[in-house]
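# Architecture at a glance
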Amino acid sequence: MHRCLAPTIALTAALLLAACSQRDTLGPSRAADIAPESTATATVDATEPIASDPTSPGEVLFAIPPRGWALESATTTGKLRRARYLRDPEAEYVESLTIETFPAEDSPDPLLFLDGLAADEADRCDGFSRQGIFAGEEAGLPAAVELLQCPYRSVNGRAWTRLVKAIQGTTTYAVVTLGKEGRALRGDDGWVTNFTTDDDIANWALYLKSTTLRVADKGSGTLPPAADQPSES
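### Topic: the overall build of the protein chain
Each helix and strand in the protein chain was counted, giving four helices and 11 strands. Taking all 233 residues of the protein chain together, the buried fraction comes to 48%. A total accessible area of about 10,900 Å² is found for the protein chain, and carbon and sulfur atoms account for 51% of it.

Shown next as structure tokens:
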């Protein structure tokens, strides 16, 4: 059973629509910048099968980096694979996409995973906040999406906003994060995160909805057609 939780900050209705609806098309605004490169099957380096060899079935993450975003790093540490993309590395507030996959064995439920992630970040941030956006099943697999915000980190004087999606497969666990980070801003009533707009978060949510775990075809290691991926129009 899906559940959608209303955020406690002023986000647009598009955010909830992206997280909870069954629509597969991107809206206007900056949709063209965050839409997948194409609807063809594709994976990035960090999302190849990691819990099985190419000759046996296994889940892979269908996640196409947005057009024009640059690959900053792609690493494999043990069984963890990670890739990070940046929209404009020279911007004052940099948008990033991070894709991580690791074996699902002994991994927690997505909500518990996000609980742990939020607890770690809360210890490092002044004014840390989190809002649950979605929790339920996606293509038969447990998944959850949360909005995390850090208005100020004293260790580096920076702030960030992140929309995080966790998917628990039977062989593969995937975590996809879109966010924006830069210099912390102080308003009249304290630290603020107004460098992130409602349009930013709504478009991130639409992109996260397009990322899914799928079972690779036995003997090929390739993904089946992704008919439910959003179009570029």
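### Points about the sheet that holds strand S4 (residues 94-103)
Adjacent strands of a sheet pair through backbone hydrogen bonds, lying either parallel or antiparallel. With respect to topology, seven strands assemble into an open sheet ordered S2-S3-S4-S8-S7-S6-S5, the strand pairing being antiparallel. The open sheet has two edge strands with one neighbour each: strand S2 (70-77) and strand S5 (129-138). Looking at each pair of strands side by side, their axes are set apart by 15° on average, direction ignored. Sheet analysis places S4 next to strand S8 (residues 172-183), joined by 10 bridges and oriented antiparallel.

### Notes on the packing of aromatic side chains
This model, assessed by the stated rule, comprises six aromatic pairs. An aromatic cluster of three or more residues is present, and its members are Phe102, Phe113 and Tyr173. The cationic tip of Arg186 hangs over the ring face of Trp191; the distance from NZ or CZ to the ring centre is 4.9 Å. Between the NZ or CZ atom of Arg214 and the centre of the ring of Phe62, over which it lies, the distance is 5.8 Å.

### Description of the side chain of Thr196
Locating Thr196 in the fold gives a position in the loop between strand S10 (190-192) and helix H4 (198-209). Judged by relative accessible area, Thr196 falls into the buried class, the value being 10%. Excluding anything up to four places from it in sequence, Thr196 contacts Thr161, Lys180, Ile201 and Trp204.

### Here we look at the state of the cysteines
Within this structure, the stated rule accounts for one disulfide. A sulfur-sulfur distance of 2.2 Å marks the disulfide that ties Cys125 to Cys150. One quick way to see it: the torsion about the S-S bond of Cys125 and Cys150 is about -105°, and its sign makes the bridge left-handed. With Cys125 in the loop between helix H3 (110-122) and S5 and Cys150 in strand S6 (residues 141-153), the pair connects residues that are 25 residues apart, well separated along the chain.

### Some details on the pattern of salt bridges
Under the definition given, this model contains 11 salt bridges. Across the pair Glu92 and Arg183 runs a salt bridge, and its minimum N-O distance is 3.0 Å. Here the residue Glu92 occupies a position in the loop between strand S3 (80-86) and S4, and Arg183 occupies one in strand S8, the gap between them amounting to 91 residues. Here Glu92 falls in the exposed class, since its relative accessible area comes to 52%. Classification of Arg183 by relative accessible area gives partly exposed; the value is 46%. A single salt-bridge network, built from bridges that share partners, covers Asp115, Arg130 and Glu146.

So, how was this worked out
Residues numbered from 1 in each chain as written. Predicted model: local features only at pLDDT ≥ 70, side-chain atom pairs only at ≥ 80, totals over all residues. Heavy atoms only, no water. Helix = DSSP H or I, 4+ residues; strand = E, 2+ residues; numbered from the N terminus. Buried < 20%, exposed > 50% of the residue type's maximum accessible area, 1.4 Å probe, protein only. Areas by Shrake-Rupley, 256 points an atom, 1.4 Å probe, with all protein chains shown as cover. Pairing = 2+ DSSP bridges. Axes fitted to C-alpha atoms, helices over the stretch in contact; angles between N-to-C directions. Phe/Tyr/Trp six-rings, centres within 6.5 Å; stacked < 30°, edge-to-face > 60°. Lys NZ or Arg CZ within 6 Å of the ring centre and 35° of its normal. Contact = heavy atoms within 4.5 Å. Disulfide = S-S within 2.5 Å. Salt bridge = Lys/Arg side-chain N within 4 Å of Asp/Glu carboxyl O.

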